[in-house]
Amino acid sequence: MENLIDWSKVPNDPVFQLVFPQREMLDPEQYHDVETLLRKGHAQDSLARVIQRIRLDLNPYPAGQLTHNVPIFEGRPLWGLQHKYRETVLFFPFHGQSCHAYCTYCFRWAQFINMEGVKFASKDTVDLVAYLKAHPDVTDVLITGGDPMIMRTTLLRKYLEPLLIPELDHVQNIRIGTKAIASWPYRFVSEPDADDCLRLFEEVIAANRHLAIMGHFSHPVELEPEIARAAIQRIRNTGAQIRMQAPIIRHVNDDPEVWASIWRTGVRLGLIPYYMFVERDTGARNYFEVPLVRAYEIYRQAYASVSGLSRPVQGPTMSAFPGKVRIMGVITLRDIMDDRMIETFSRAHGGVPAIHADEPVLICDFTQARDPALVKTVFFAALDPHVTWFDQLRPAFARERFPFADEGDRERILPSYSVTECLLH
Ligand SMILES: *Cc1c(COP(=O)(O)O)cnc(C)c1O
Ligand code: SF4
(Lines give C-alpha, C1' and ligand atoms only; values in the text may rest on other atoms or scores of the structure.)
(Ligands and ions follow the chains in the order given, each with its own letter.)
Protein backbone atom coordinates (compact mmCIF):
# COMPACT_ATOMS: atom_id res chain seq x y z
CA MET A 1 0.00 0.00 0.00
CA GLU A 2 2.89 2.35 0.64
CA ASN A 3 4.59 1.51 -2.64
CA LEU A 4 1.73 1.24 -5.08
CA ILE A 5 -0.96 3.73 -4.05
CA ASP A 6 -0.56 7.46 -4.59
CA TRP A 7 -2.61 8.57 -1.60
CA SER A 8 -2.98 12.11 -2.95
CA LYS A 9 -5.06 10.63 -5.82
CA VAL A 10 -7.42 8.53 -3.67
CA PRO A 11 -10.16 7.47 -4.41
CA ASN A 12 -9.26 7.56 -8.11
CA ASP A 13 -5.85 5.98 -7.74
CA PRO A 14 -5.91 2.73 -9.77
CA VAL A 15 -4.39 0.47 -7.13
CA PHE A 16 -6.70 1.95 -4.49
CA GLN A 17 -9.58 0.97 -6.77
CA LEU A 18 -7.97 -2.42 -7.23
CA VAL A 19 -7.95 -3.35 -3.54
CA PHE A 20 -10.43 -1.16 -1.64
CA PRO A 21 -14.14 -1.93 -2.03
CA GLN A 22 -16.23 1.00 -3.27
CA ARG A 23 -19.86 1.68 -2.38
CA GLU A 24 -20.94 1.67 -6.04
CA MET A 25 -19.88 -1.97 -6.41
CA LEU A 26 -23.23 -3.02 -4.96
CA ASP A 27 -26.42 -1.87 -6.60
CA PRO A 28 -28.30 0.68 -4.46
CA GLU A 29 -30.92 -1.84 -3.39
CA GLN A 30 -28.35 -4.38 -2.18
CA TYR A 31 -26.48 -1.66 -0.37
CA HIS A 32 -29.68 -0.43 1.23
CA ASP A 33 -30.67 -3.93 2.44
CA VAL A 34 -27.39 -4.46 4.24
CA GLU A 35 -27.24 -0.93 5.59
CA THR A 36 -30.76 -1.19 7.04
CA LEU A 37 -29.96 -4.43 8.82
CA LEU A 38 -26.72 -3.05 10.21
CA ARG A 39 -28.41 0.13 11.47
CA LYS A 40 -31.12 -1.86 13.18
CA GLY A 41 -28.49 -4.00 14.85
CA HIS A 42 -30.14 -7.10 13.39
CA ALA A 43 -29.27 -10.64 14.35
CA GLN A 44 -26.24 -12.15 12.68
CA ASP A 45 -28.23 -14.84 10.90
CA SER A 46 -30.61 -12.47 9.07
CA LEU A 47 -27.59 -10.41 7.99
CA ALA A 48 -25.87 -13.57 6.81
CA ARG A 49 -28.96 -14.54 4.82
CA VAL A 50 -29.14 -11.20 3.03
CA ILE A 51 -25.43 -11.31 2.28
CA GLN A 52 -25.72 -14.85 0.97
CA ARG A 53 -28.56 -13.79 -1.35
CA ILE A 54 -26.46 -10.93 -2.72
CA ARG A 55 -23.53 -13.25 -3.25
CA LEU A 56 -25.67 -15.71 -5.19
CA ASP A 57 -26.83 -12.77 -7.36
CA LEU A 58 -23.20 -12.03 -8.17
CA ASN A 59 -22.71 -15.23 -10.18
CA PRO A 60 -20.09 -16.84 -7.93
CA TYR A 61 -18.97 -19.59 -10.31
CA PRO A 62 -19.06 -18.27 -13.91
CA ALA A 63 -18.57 -20.27 -17.11
CA GLY A 64 -19.58 -23.67 -15.78
CA GLN A 65 -16.63 -24.03 -13.42
CA LEU A 66 -18.60 -25.93 -10.81
CA THR A 67 -20.80 -27.92 -13.14
CA HIS A 68 -18.54 -28.62 -16.11
CA ASN A 69 -14.88 -28.16 -15.26
CA VAL A 70 -14.56 -30.46 -12.26
CA PRO A 71 -13.47 -33.84 -13.63
CA ILE A 72 -15.14 -37.09 -12.67
CA PHE A 73 -12.51 -39.72 -12.08
CA GLU A 74 -13.29 -43.31 -11.10
CA GLY A 75 -16.86 -42.28 -10.33
CA ARG A 76 -16.05 -39.33 -8.08
CA PRO A 77 -15.77 -35.57 -8.74
CA LEU A 78 -12.26 -34.28 -7.95
CA TRP A 79 -13.02 -30.94 -6.31
CA GLY A 80 -9.41 -29.75 -6.25
CA LEU A 81 -9.06 -29.97 -10.04
CA GLN A 82 -10.54 -28.31 -13.08
CA HIS A 83 -10.00 -29.77 -16.52
CA LYS A 84 -11.55 -27.68 -19.26
CA TYR A 85 -8.96 -27.72 -22.04
CA ARG A 86 -7.37 -31.03 -23.03
CA GLU A 87 -3.76 -29.99 -22.44
CA THR A 88 -4.10 -28.14 -19.16
CA VAL A 89 -5.28 -29.17 -15.71
CA LEU A 90 -5.90 -26.56 -13.04
CA PHE A 91 -4.97 -27.56 -9.50
CA PHE A 92 -6.22 -25.73 -6.40
CA PRO A 93 -3.98 -26.54 -3.42
CA PHE A 94 -5.98 -26.21 -0.20
CA HIS A 95 -3.34 -24.02 1.43
CA GLY A 96 -3.22 -21.63 -1.51
CA GLN A 97 -6.83 -20.50 -1.46
CA SER A 98 -6.30 -17.03 -0.09
CA CYS A 99 -4.34 -14.11 -1.43
CA HIS A 100 -2.11 -11.15 -0.54
CA ALA A 101 -4.07 -8.84 -2.81
CA TYR A 102 -7.83 -9.36 -2.49
CA CYS A 103 -8.54 -7.49 -5.70
CA THR A 104 -12.02 -6.00 -5.62
CA TYR A 105 -12.74 -7.57 -9.03
CA CYS A 106 -11.43 -11.01 -8.09
CA PHE A 107 -13.16 -13.73 -10.12
CA ARG A 108 -12.21 -16.19 -7.36
CA TRP A 109 -14.01 -14.29 -4.63
CA ALA A 110 -16.30 -17.23 -3.95
CA GLN A 111 -13.20 -19.25 -2.97
CA PHE A 112 -12.40 -16.79 -0.21
CA ILE A 113 -15.71 -16.56 1.62
CA ASN A 114 -16.43 -20.18 2.41
CA MET A 115 -19.59 -20.31 0.40
CA GLU A 116 -21.51 -23.12 2.08
CA GLY A 117 -18.48 -25.34 2.09
CA VAL A 118 -17.95 -25.21 -1.67
CA LYS A 119 -14.32 -24.68 -2.42
CA PHE A 120 -12.16 -25.98 -5.21
CA ALA A 121 -9.34 -27.30 -3.10
CA SER A 122 -7.29 -30.39 -2.45
CA LYS A 123 -5.19 -31.03 0.64
CA ASP A 124 -2.79 -33.31 -1.16
CA THR A 125 -1.75 -34.39 -4.64
CA VAL A 126 -2.95 -38.01 -4.49
CA ASP A 127 -5.95 -37.38 -6.77
CA LEU A 128 -3.98 -35.04 -9.01
CA VAL A 129 -1.17 -37.52 -9.59
CA ALA A 130 -3.58 -40.41 -10.25
CA TYR A 131 -5.56 -38.25 -12.66
CA LEU A 132 -2.46 -37.09 -14.52
CA LYS A 133 -1.11 -40.64 -14.83
CA ALA A 134 -4.39 -41.58 -16.52
CA HIS A 135 -4.27 -38.55 -18.85
CA PRO A 136 -1.13 -38.58 -20.98
CA ASP A 137 -2.54 -35.75 -23.16
CA VAL A 138 -2.09 -33.30 -20.33
CA THR A 139 1.09 -31.27 -20.84
CA ASP A 140 0.40 -28.43 -18.41
CA VAL A 141 -0.56 -28.19 -14.78
CA LEU A 142 -1.58 -24.74 -13.62
CA ILE A 143 -1.34 -24.34 -9.87
CA THR A 144 -3.79 -21.66 -8.91
CA GLY A 145 -5.94 -20.27 -6.15
CA GLY A 146 -6.33 -17.75 -4.66
CA ASP A 147 -2.62 -17.27 -4.89
CA PRO A 148 -0.42 -20.35 -4.37
CA MET A 149 2.53 -18.10 -3.48
CA ILE A 150 0.74 -17.30 -0.22
CA MET A 151 2.05 -20.70 0.94
CA ARG A 152 5.26 -21.23 2.85
CA THR A 153 7.86 -23.03 0.76
CA THR A 154 7.57 -26.24 2.79
CA LEU A 155 3.89 -26.46 1.82
CA LEU A 156 4.43 -25.45 -1.78
CA ARG A 157 7.11 -28.13 -2.02
CA LYS A 158 4.59 -30.73 -0.82
CA TYR A 159 2.35 -29.88 -3.77
CA LEU A 160 5.07 -29.47 -6.42
CA GLU A 161 7.47 -32.34 -5.81
CA PRO A 162 5.00 -35.15 -6.60
CA LEU A 163 4.63 -33.69 -10.10
CA LEU A 164 8.30 -34.21 -10.86
CA ILE A 165 8.29 -38.02 -10.87
CA PRO A 166 9.31 -39.77 -14.12
CA GLU A 167 5.81 -41.26 -14.64
CA LEU A 168 4.54 -37.70 -15.07
CA ASP A 169 7.10 -36.75 -17.66
CA HIS A 170 4.27 -35.74 -20.04
CA VAL A 171 3.52 -32.86 -17.68
CA GLN A 172 6.22 -30.71 -19.21
CA ASN A 173 4.96 -27.29 -18.11
CA ILE A 174 4.22 -26.33 -14.56
CA ARG A 175 2.55 -22.98 -14.24
CA ILE A 176 1.95 -21.04 -11.06
CA GLY A 177 -0.66 -18.29 -11.19
CA THR A 178 0.28 -15.48 -8.80
CA LYS A 179 0.06 -11.80 -8.09
CA ALA A 180 2.75 -11.97 -5.42
CA ILE A 181 5.41 -10.20 -7.53
CA ALA A 182 3.13 -7.16 -7.45
CA SER A 183 1.44 -7.61 -4.10
CA TRP A 184 4.11 -9.25 -1.89
CA PRO A 185 7.50 -9.31 -3.69
CA TYR A 186 9.21 -9.88 -0.32
CA ARG A 187 8.02 -13.47 -0.81
CA PHE A 188 10.89 -13.96 -3.26
CA VAL A 189 13.51 -11.68 -1.71
CA SER A 190 13.51 -11.16 2.03
CA GLU A 191 11.13 -13.60 3.68
CA PRO A 192 12.89 -16.29 5.72
CA ASP A 193 12.06 -18.99 3.16
CA ALA A 194 12.59 -16.87 0.04
CA ASP A 195 15.86 -18.61 -0.84
CA ASP A 196 14.30 -22.01 -0.28
CA CYS A 197 11.48 -21.04 -2.64
CA LEU A 198 13.98 -20.20 -5.38
CA ARG A 199 15.78 -23.54 -4.76
CA LEU A 200 12.42 -25.26 -5.25
CA PHE A 201 11.95 -23.45 -8.57
CA GLU A 202 15.42 -24.65 -9.60
CA GLU A 203 14.49 -28.22 -8.67
CA VAL A 204 11.44 -28.05 -10.93
CA ILE A 205 13.63 -26.93 -13.82
CA ALA A 206 16.30 -29.51 -12.99
CA ALA A 207 13.56 -32.14 -13.36
CA ASN A 208 13.30 -31.08 -17.01
CA ARG A 209 10.10 -29.10 -16.61
CA HIS A 210 9.36 -25.60 -17.82
CA LEU A 211 8.34 -23.44 -14.87
CA ALA A 212 6.03 -20.66 -15.97
CA ILE A 213 5.14 -18.01 -13.43
CA MET A 214 1.84 -16.57 -14.65
CA GLY A 215 2.18 -13.14 -13.10
CA HIS A 216 -0.91 -11.03 -12.59
CA PHE A 217 -0.05 -7.37 -13.32
CA SER A 218 -2.87 -4.84 -13.40
CA HIS A 219 -0.93 -1.61 -13.70
CA PRO A 220 2.64 -0.54 -14.59
CA VAL A 221 3.10 0.97 -11.14
CA GLU A 222 3.37 -2.62 -9.86
CA LEU A 223 6.62 -3.04 -11.79
CA GLU A 224 8.29 0.08 -10.39
CA PRO A 225 9.33 -0.77 -6.81
CA GLU A 226 12.94 -1.90 -6.37
CA ILE A 227 11.73 -4.87 -4.37
CA ALA A 228 9.47 -6.06 -7.22
CA ARG A 229 12.38 -5.78 -9.64
CA ALA A 230 14.59 -7.72 -7.26
CA ALA A 231 11.92 -10.43 -7.07
CA ILE A 232 11.75 -10.62 -10.88
CA GLN A 233 15.53 -10.85 -11.16
CA ARG A 234 15.75 -13.60 -8.56
CA ILE A 235 12.92 -15.64 -10.11
CA ARG A 236 14.42 -15.31 -13.58
CA ASN A 237 17.80 -16.40 -12.28
CA THR A 238 16.28 -19.78 -11.40
CA GLY A 239 15.47 -20.38 -15.08
CA ALA A 240 11.74 -19.80 -14.63
CA GLN A 241 9.93 -17.57 -17.13
CA ILE A 242 7.49 -14.92 -15.98
CA ARG A 243 4.47 -14.21 -18.15
CA MET A 244 2.13 -11.28 -17.63
CA GLN A 245 -1.65 -11.35 -17.63
CA ALA A 246 -4.56 -9.34 -16.22
CA PRO A 247 -8.10 -8.38 -17.00
CA ILE A 248 -9.00 -4.97 -18.33
CA ILE A 249 -10.87 -3.16 -15.57
CA ARG A 250 -12.69 0.16 -15.58
CA HIS A 251 -11.23 2.54 -12.95
CA VAL A 252 -7.94 0.56 -12.94
CA ASN A 253 -6.46 0.05 -16.40
CA ASP A 254 -9.00 0.97 -19.12
CA ASP A 255 -6.44 3.03 -20.98
CA PRO A 256 -4.19 1.98 -23.91
CA GLU A 257 -1.18 3.85 -22.52
CA VAL A 258 -1.44 1.90 -19.25
CA TRP A 259 -1.31 -1.42 -21.13
CA ALA A 260 1.47 -0.33 -23.47
CA SER A 261 3.42 0.70 -20.41
CA ILE A 262 2.82 -2.63 -18.58
CA TRP A 263 4.12 -4.52 -21.61
CA ARG A 264 7.06 -2.21 -22.37
CA THR A 265 8.27 -2.17 -18.78
CA GLY A 266 7.63 -5.88 -18.44
CA VAL A 267 9.62 -6.74 -21.58
CA ARG A 268 12.48 -4.53 -20.38
CA LEU A 269 12.55 -6.63 -17.19
CA GLY A 270 12.48 -9.88 -19.19
CA LEU A 271 8.76 -10.71 -18.78
CA ILE A 272 6.56 -12.08 -21.56
CA PRO A 273 3.16 -10.44 -22.21
CA TYR A 274 0.60 -13.25 -22.41
CA TYR A 275 -3.11 -12.45 -21.93
CA MET A 276 -5.26 -9.35 -21.76
CA PHE A 277 -8.53 -10.69 -20.37
CA VAL A 278 -11.98 -9.21 -20.33
CA GLU A 279 -13.30 -8.89 -16.77
CA ARG A 280 -15.53 -11.90 -16.11
CA ASP A 281 -19.25 -11.77 -15.52
CA THR A 282 -19.04 -12.22 -11.77
CA GLY A 283 -18.90 -10.10 -8.63
CA ALA A 284 -19.08 -6.32 -8.98
CA ARG A 285 -19.03 -6.57 -12.76
CA ASN A 286 -21.26 -3.53 -13.24
CA TYR A 287 -18.62 -1.39 -11.61
CA PHE A 288 -15.69 -2.77 -13.56
CA GLU A 289 -16.92 -3.88 -16.93
CA VAL A 290 -15.64 -2.35 -20.16
CA PRO A 291 -17.68 -2.77 -23.39
CA LEU A 292 -16.05 -5.34 -25.67
CA VAL A 293 -15.60 -2.88 -28.50
CA ARG A 294 -13.86 -0.46 -26.12
CA ALA A 295 -11.66 -3.27 -24.75
CA TYR A 296 -10.70 -4.13 -28.31
CA GLU A 297 -9.85 -0.50 -29.09
CA ILE A 298 -7.67 -0.25 -25.97
CA TYR A 299 -5.90 -3.46 -26.95
CA ARG A 300 -5.43 -2.31 -30.54
CA GLN A 301 -3.99 1.06 -29.61
CA ALA A 302 -1.68 -0.42 -26.99
CA TYR A 303 -0.57 -3.21 -29.38
CA ALA A 304 0.07 -0.67 -32.14
CA SER A 305 2.42 1.31 -29.92
CA VAL A 306 4.81 -1.44 -28.80
CA SER A 307 7.43 -3.53 -30.57
CA GLY A 308 6.99 -7.14 -31.59
CA LEU A 309 8.49 -8.40 -28.33
CA SER A 310 5.27 -7.34 -26.58
CA ARG A 311 3.06 -8.88 -29.22
CA PRO A 312 2.80 -12.45 -28.02
CA VAL A 313 0.00 -10.90 -25.95
CA GLN A 314 -3.43 -12.34 -26.80
CA GLY A 315 -6.54 -10.34 -26.24
CA PRO A 316 -8.94 -9.03 -25.40
CA THR A 317 -9.98 -12.53 -24.35
CA MET A 318 -13.10 -13.79 -22.59
CA SER A 319 -12.98 -17.03 -20.61
CA ALA A 320 -16.47 -18.05 -21.59
CA PHE A 321 -18.37 -21.31 -21.26
CA PRO A 322 -17.28 -22.96 -24.54
CA GLY A 323 -13.76 -21.57 -24.47
CA LYS A 324 -11.51 -18.56 -24.69
CA VAL A 325 -12.99 -16.07 -27.13
CA ARG A 326 -10.84 -13.30 -28.55
CA ILE A 327 -12.02 -10.12 -30.24
CA MET A 328 -9.89 -9.90 -33.36
CA GLY A 329 -11.22 -6.82 -35.08
CA VAL A 330 -14.08 -4.68 -36.29
CA ILE A 331 -15.17 -4.57 -39.94
CA THR A 332 -18.14 -3.84 -42.19
CA LEU A 333 -19.09 -5.89 -45.25
CA ARG A 334 -18.30 -2.83 -47.32
CA ASP A 335 -14.70 -2.97 -46.08
CA ILE A 336 -14.24 -6.34 -47.76
CA MET A 337 -16.64 -6.26 -50.76
CA ASP A 338 -17.34 -3.78 -53.50
CA ASP A 339 -20.93 -2.77 -54.37
CA ARG A 340 -21.28 -5.37 -57.08
CA MET A 341 -20.18 -8.18 -54.77
CA ILE A 342 -22.53 -7.01 -52.04
CA GLU A 343 -25.39 -7.04 -54.53
CA THR A 344 -24.59 -10.54 -55.80
CA PHE A 345 -24.06 -11.83 -52.30
CA SER A 346 -27.27 -10.17 -51.22
CA ARG A 347 -29.34 -11.77 -54.00
CA ALA A 348 -28.10 -15.15 -52.88
CA HIS A 349 -29.02 -14.49 -49.26
CA GLY A 350 -32.52 -12.98 -49.35
CA GLY A 351 -31.36 -9.36 -49.45
CA VAL A 352 -29.95 -9.43 -45.93
CA PRO A 353 -26.26 -8.63 -46.58
CA ALA A 354 -27.07 -5.39 -48.45
CA ILE A 355 -29.14 -4.08 -45.55
CA HIS A 356 -26.28 -4.77 -43.18
CA ALA A 357 -23.42 -3.77 -45.45
CA ASP A 358 -22.46 -0.73 -43.39
CA GLU A 359 -22.99 -2.22 -39.95
CA PRO A 360 -19.73 -2.72 -38.11
CA VAL A 361 -19.32 -6.26 -36.79
CA LEU A 362 -16.91 -7.87 -34.36
CA ILE A 363 -14.61 -10.56 -35.71
CA CYS A 364 -14.05 -13.12 -32.97
CA ASP A 365 -12.27 -16.44 -32.69
CA PHE A 366 -11.69 -19.20 -30.19
CA THR A 367 -8.09 -19.37 -28.97
CA GLN A 368 -9.04 -22.23 -26.63
CA ALA A 369 -12.07 -24.49 -26.49
CA ARG A 370 -13.59 -27.32 -24.48
CA ASP A 371 -14.02 -29.00 -27.83
CA PRO A 372 -10.58 -28.79 -29.52
CA ALA A 373 -12.30 -28.76 -32.93
CA LEU A 374 -13.57 -25.28 -32.11
CA VAL A 375 -10.10 -23.76 -31.69
CA LYS A 376 -9.48 -21.11 -34.37
CA THR A 377 -13.17 -21.04 -35.35
CA VAL A 378 -13.86 -17.50 -36.49
CA PHE A 379 -17.31 -15.95 -36.07
CA PHE A 380 -18.92 -12.57 -36.57
CA ALA A 381 -21.00 -10.85 -33.91
CA ALA A 382 -23.17 -7.77 -34.18
CA LEU A 383 -21.37 -4.77 -32.76
CA ASP A 384 -23.45 -3.41 -29.93
CA PRO A 385 -21.45 -0.71 -28.12
CA HIS A 386 -22.93 -1.76 -24.76
CA VAL A 387 -22.14 -5.47 -24.89
CA THR A 388 -19.64 -6.51 -22.24
CA TRP A 389 -19.70 -10.31 -22.27
CA PHE A 390 -19.88 -13.33 -24.52
CA ASP A 391 -23.45 -14.36 -23.66
CA GLN A 392 -24.75 -10.94 -24.80
CA LEU A 393 -23.26 -11.36 -28.29
CA ARG A 394 -25.66 -11.91 -31.17
CA PRO A 395 -24.72 -13.22 -34.61
CA ALA A 396 -23.98 -10.57 -37.22
CA PHE A 397 -25.76 -10.22 -40.58
CA ALA A 398 -29.10 -11.24 -39.06
CA ARG A 399 -28.05 -14.87 -38.81
CA GLU A 400 -30.01 -16.99 -36.37
CA ARG A 401 -27.15 -18.83 -34.74
CA PHE A 402 -23.44 -18.78 -34.28
CA PRO A 403 -21.52 -21.50 -36.12
CA PHE A 404 -20.87 -23.34 -32.88
CA ALA A 405 -23.25 -25.21 -30.64
CA ASP A 406 -23.21 -24.42 -26.97
CA GLU A 407 -26.51 -25.57 -25.54
CA GLY A 408 -26.12 -29.30 -26.12
CA ASP A 409 -22.79 -29.27 -24.34
CA ARG A 410 -24.18 -27.82 -21.16
CA GLU A 411 -25.66 -31.15 -20.14
CA ARG A 412 -22.33 -32.91 -19.98
CA ILE A 413 -19.91 -33.93 -17.25
CA LEU A 414 -21.76 -33.30 -13.97
CA PRO A 415 -25.40 -33.78 -14.90
CA SER A 416 -26.62 -34.24 -11.35
CA TYR A 417 -25.16 -31.00 -10.02
CA SER A 418 -26.66 -27.64 -10.78
CA VAL A 419 -24.78 -24.64 -9.40
CA THR A 420 -27.40 -24.10 -6.71
CA GLU A 421 -27.28 -27.75 -5.67
CA CYS A 422 -23.53 -27.53 -5.42
CA LEU A 423 -23.81 -24.47 -3.23
CA LEU A 424 -26.32 -26.14 -0.96
CA HIS A 425 -24.55 -29.46 -0.67
C1 LIG B 1 -7.08 -20.01 -19.66
C2 LIG B 1 -7.29 -21.34 -19.09
C3 LIG B 1 -6.33 -22.33 -19.25
C4 LIG B 1 -5.01 -22.10 -19.95
O5 LIG B 1 -5.17 -21.79 -21.32
P6 LIG B 1 -3.87 -21.44 -22.20
O7 LIG B 1 -4.45 -20.86 -23.43
O8 LIG B 1 -3.13 -22.69 -22.40
O9 LIG B 1 -3.09 -20.43 -21.38
C10 LIG B 1 -6.59 -23.57 -18.72
N11 LIG B 1 -7.75 -23.85 -18.08
C12 LIG B 1 -8.71 -22.91 -17.93
C13 LIG B 1 -9.99 -23.29 -17.22
C14 LIG B 1 -8.52 -21.62 -18.42
O15 LIG B 1 -9.47 -20.71 -18.25
S1 SF4 C 1 -4.57 -11.72 -7.21
FE2 SF4 C 1 -5.98 -13.11 -8.27
S3 SF4 C 1 -6.75 -14.48 -6.65
FE4 SF4 C 1 -5.82 -12.70 -5.64
S5 SF4 C 1 -7.55 -11.34 -5.29
FE6 SF4 C 1 -6.56 -10.72 -7.22
S7 SF4 C 1 -7.72 -11.79 -8.84
FE8 SF4 C 1 -8.19 -12.78 -6.86
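In this text the structure is predicted, and so the values were computed from the model without any measurement. (Residues numbered from 1 in each chain as written. Chains lettered and ligands numbered in written order. Predicted model: local features only at pLDDT ≥ 70, side-chain atom pairs only at ≥ 80, totals over all residues. Heavy atoms only, no water.)

Colleague: Could you clarify how one ought to interpret the environment of Arg 175 in this entry?
Modeller: Turning to its location among the elements, Arg 175 is positioned in strand β6 (residues 173-178). For the pair formed by Arg 175 and Asn 208, sequence separation is 33 residues and the distance between their alpha carbons is 14 Å. Apart from residues lying up to four places away in sequence, Arg 175 is in contact with Thr 88, Asp 140, Val 141, Leu 142, Ile 143, Ala 212, Met 214 and Tyr 274. (Helix = DSSP H or I, 4+ residues; strand = E, 2+ residues; numbered from the N terminus. Contact = heavy atoms within 4.5 Å.)

Colleague: When you look at the site of ligand 1 in this model, what are you seeing that I'm missing?
Modeller: For ligand 1, the full set of nearby residues is Lys 84, Tyr 85, Thr 88, Leu 90, Arg 175, Tyr 274, Tyr 275, Ser 319, Lys 324 and Gln 368. With respect to ligand 1, the side chain of Arg 175 contributes an N or O atom lying 2.8 Å from an oxygen atom. At 2.6 Å from an oxygen atom of ligand 1 is found a side-chain nitrogen or oxygen belonging to Tyr 275. Protein burial of ligand 1: of its 380 Å² of free accessible surface, 86% is covered by the chains. Contributions of two or more residues to the shell around ligand 1 are made by β3 (81-85), β4 (88-91) and β9 (272-278). Class assignment for the residues of the shell around ligand 1 results in four nonpolar, three polar and three charged. (Near = heavy atom within 4 Å. Polar contact = N/O pair within 3.5 Å; in protein donor to acceptor, adjacent residues only side chain to side chain. Areas by Shrake-Rupley, 256 points an atom, 1.4 Å probe, with all protein chains shown as cover. Nonpolar A, V, L, I, M, F, W, Y, C, P; charged D, E, K, R; others polar.)

Colleague: Whenever I open this one, the site of ligand 2 confuses me. Can you help?
Modeller: All residues in the neighbourhood of ligand 2 are listed as Cys 99, Tyr 102, Cys 103, Cys 106, Phe 112, Gly 146, Lys 179 and His 216. Residues belonging to the shell around ligand 2 are distributed by class as follows: five nonpolar, two polar and one charged.

Colleague: How should the domain arrangement of the chain be read in this particular structure?
Modeller: How large an interface is tends to be reported as the accessible area lost when its parts come together. Along its sequence, the chain is organised into domain 1 (59-313) and domain 2 (328-413). Placing the centre of domain 1 and that of domain 2 at their C-alpha centroids yields a distance of 31 Å. Contact residues are listed per partner, giving 22 residues for domain 1 and 21 residues for domain 2. Regarding the contact of domain 1 and domain 2, the summed buried area is about 1,700 Å², with carbon and sulfur atoms giving 59% of it. Taken as a group, His 68, Tyr 85 and Leu 292 account for 34% of the area that domain 1 buries against domain 2, more than any other trio of residues on that side. Run the count over domain 1 and domain 2 and you get five residue pairs in polar contact (both at pLDDT 80 or more). Of all elements in the fold, only α4 (65-69), β3, β9 and α14 (292-304) reach the threshold of two or more residues within the side of domain 1 that touches domain 2. Taken together, the residues that form the side of domain 1 that touches domain 2 break down as eleven nonpolar, four polar and seven charged. (Domains from an automatic or database assignment. Buried area = accessible area lost by both parts, 1.4 Å probe.)

Colleague: Got a minute to help me understand the packing of helix α7 (residues 153-160) against helix α10 (residues 194-206) in this structure?
Modeller: Direction vectors running N to C along α7 and α10 enclose 15 degrees, while the axes themselves pass 9 Å from each other. Here α7 lies roughly parallel to α10, going by the angle between them. As for how α7 packs across α10, the hand of that crossing is right-handed. The residues of α10 that touch α7, namely those facing Thr 153, Leu 156, Arg 157 and Leu 160, are Asp 196, Cys 197, Leu 200, Phe 201, Glu 203 and Val 204. Along the lines of polarity and charge, the residues of the contact of α7 with α10 split into six nonpolar, one polar and three charged. (Axes fitted to C-alpha atoms, helices over the stretch in contact; angles between N-to-C directions. Parallel < 35°, antiparallel > 145°, perpendicular 65-115°, else oblique. Left-handed = near helix turned anticlockwise from the far one by under 90°.)

Colleague: What is the right way to read the environment of His 68 from this model?
Modeller: Here His 68 lies in helix α4. Assessed through its relative accessible area of 8%, His 68 is described here as buried. For the pair His 68 and Arg 370, spaced 302 residues apart in the sequence, the C-alpha separation amounts to 9.8 Å. A polar side-chain atom of His 68 sits 2.8 Å from a polar atom in the side chain of Thr 67. (Buried < 20%, exposed > 50% of the residue type's maximum accessible area, 1.4 Å probe, protein only.)

Colleague: For this particular structure, what's the right way to read the packing of aromatic side chains?
Modeller: Each aromatic ring pair is described using two quantities: the centre-to-centre distance and the angle formed by the ring planes. In total, this model carries 19 aromatic pairs according to the counting rule given. Measuring from ring centre to ring centre gives 4.9 Å for Tyr 102 and Phe 112, while their planes differ by 85 degrees; the resulting arrangement is edge-to-face. Residue Tyr 102 is found in the loop between β4 and α5 (109-112), and its partner Phe 112 is found in helix α5; the two are separated by ten residues along the sequence. The partly exposed category is assigned to Tyr 102, whose relative accessible area is 42%. Here the aromatic rings of Phe 188 and Phe 201 are separated by 6.5 Å at their centres, their planes lie at 45 degrees, and the arrangement is tilted. Within this pair, whereas Phe 188 is found in helix α9 (residues 186-189), its partner Phe 201 is found in helix α10, the two being separated by 13 residues in sequence. The same class applies to Phe 188 as to Phe 201, namely buried. One cation-aromatic arrangement involves Lys 123 over Phe 94; the distance from NZ or CZ to the ring centre is 4.4 Å. Stacked on the ring of Phe 321, the Lys or Arg Arg 370 has its end atom at 4.4 Å from the ring centre. (Phe/Tyr/Trp six-rings, centres within 6.5 Å; stacked < 30°, edge-to-face > 60°. Lys NZ or Arg CZ within 6 Å of the ring centre and 35° of its normal.)

Colleague: Where do I start with the pattern of salt bridges in this structure?
Modeller: Pairing between side chains becomes possible if they bear opposite charge and their charged atoms approach one another. Under the definition given, this model contains 24 salt bridges. Between Lys 9 and Asp 6 there is a salt bridge whose closest N-O contact spans 3.2 Å. Arg 157 is the partner of Glu 203 in a salt bridge, and the nearest nitrogen-oxygen pair spans 2.8 Å. With a gap of 46 residues between them, Glu 203 in helix α10 and Arg 157 in helix α7 connect regions that are remote in the sequence. Residue classification places Glu 203 among the partly exposed residues on the basis of a relative accessible area of 30%. (Salt bridge = Lys/Arg side-chain N within 4 Å of Asp/Glu carboxyl O.)

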